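Breakdown of the fold
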Amino acid sequence: MLEYDSEDQFSSVNDHSGVGDVWLIPLKCLDDDARAIHLGAVAALSVNEGQREFVGDPFRMMLLGVEEESRLPYVIESGGLTVGVLTLQYGAAELAGWSDDDSAWLLRGFLIDSGSQGRGLGTRAARAATQEARKLTTRLGGGQTGVVLSVNERNPAGQAAYAKAGFVDAGRYLGGSSGPQRTMYRAFE
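Below is a short write-up of the structure. (Residues numbered from 1 in each chain as written. Predicted model: local features only at pLDDT ≥ 70, side-chain atom pairs only at ≥ 80, totals over all residues. Heavy atoms only, no water.)

As a further point, take the nonpolar core. If you look at soluble globular proteins, the nonpolar side chains tend to sit buried side by side. Counting 27 residues, the largest nonpolar core has Ile76, Leu86, Leu88, Leu107, Phe110, Tyr162 and Phe167 as the members making the most contacts within it. Of all elements in the fold, only β2 (22-26), β3 (71-78), β4 (81-89), β5 (104-112), α4 (121-140) and β6 (146-152) reach the threshold of two or more residues within this core. Take this core: its biggest share by element is seven residues, from α4. One finds Leu39, Val55, Met61 and Val75 within the second-largest nonpolar core, a separate group that totals 13 residues. (Core = buried A, V, L, I, M, F, W, Y, C linked by side-chain atoms within 4.5 Å. Buried < 20%, exposed > 50% of the residue type's maximum accessible area, 1.4 Å probe, protein only. Helix = DSSP H or I, 4+ residues; strand = E, 2+ residues; numbered from the N terminus.)

Tracing the sequence through the fold places Ser116 in the loop between β5 and α4. Each residue touching Ser116, except ones within four places of it in the same chain, is listed here: Val83 and Leu121. (Contact = heavy atoms within 4.5 Å.)

Attention now goes to the environment of Arg124. Within the fold, Arg124 resides in helix α4. The class for Arg124 is buried, based on a relative accessible area of 2%. For the pair Arg124 and Lys164, spaced 40 residues apart in sequence, the C-alpha separation works out to 8.9 Å.

On to the packing of aromatic side chains, then. A complete count under the given rule lists four aromatic pairs for this structure. Relative to Phe167, the ring of Tyr162 has its centre 5.9 Å away and its plane inclined at 70°; by these criteria the two rings are edge-to-face. The same class applies to Tyr162 and to Phe167, which are both buried. (Phe/Tyr/Trp six-rings, centres within 6.5 Å; stacked < 30°, edge-to-face > 60°.)

By the burial criterion, the buried members of helix α3 (residues 58-67) are Pro58, Met61, Met62 and Gly65. Angularly, the buried residues of α3 cover 95° about the axis, an arc narrow enough to put them on a single face. Exposed and oriented more than 90 degrees from the buried face of α3 are Arg60 and Glu67. Considering only its buried residues, α3 is in contact with α1 (32-43), α2 (52-55), β3, β4 and β5. (Arc of directions from axis to C-beta.)

On to the environment of Ser70, then. Mapped onto the secondary structure, Ser70 falls in the loop between α3 and β3. Given a relative accessible area of 14%, Ser70 falls into the buried group. It is 5.5 Å that separates the C-alpha atoms of Ser70 and Gln89, two residues lying 19 residues apart in sequence. Residues within four places of Ser70 in sequence aside, it is in contact with Leu88, Gln89 and Tyr90. Here Gln89 takes part through its side chain, which lies 3.0 Å from a polar atom of the side chain of Ser70. (Polar contact = N/O pair within 3.5 Å; in protein donor to acceptor, adjacent residues only side chain to side chain.)

Here we come to α1. Count 3.6 residues to each turn of an α-helix, and residues three or four apart come out pointing the same way. The first and last C-alpha atoms of α1 sit 16 Å apart over 12 residues, in line with the 16 Å expected at 1.5 Å per residue. All buried positions along α1 are accounted for by Arg35, His38, Leu39 and Val42. Buried residues of α1, viewed axially, fall in a sector of 105°; they line one side. Away from its buried face by more than 90 degrees, α1 exposes Asp33 and Ile37. Tucked inside the fold, the buried residues of α1 contact β2, α3, β3 and β4. (Expected span 1.5 Å × (residues − 1).)

Written as structure tokens, this is what we have:
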């Protein structure tokens, strides 16, 4: 069972661009009432029609993440508002076309609300997710050396945001149900 250090539950990134902090709120660390409030905000997130096939339903993703031990679901907040979601998962990196499951955390179910896109929040949240994964690796004694993800080849904006967050293209991945993907990786600093 994963355990969080109560003194270091929330990760944030501020790149001093004037846009503000991005906070990752770990749903598994919250009591039932707080989790319900955050899930209500997640249910109100909107997804652009063209993205729906890539990201799925954010509310459903968060519920799955709370239930499955290997998944760690996070709500992304900025300026006091819920702006997105993401999940870190251990033991599942091959789902993104990585060569093994255990050397990297899998970043999945990453979504920024359609009304919050284009402001750099996805890039900052991806950086925060990498920092959080590094902390988790240290805390849990895992052997992960970075974070891997897959992004659809038809999603150049997503690829660009991940590249700005320090992810590098690691090749084409033909798995998944929505067509060819790019596997992207960021090593821990």
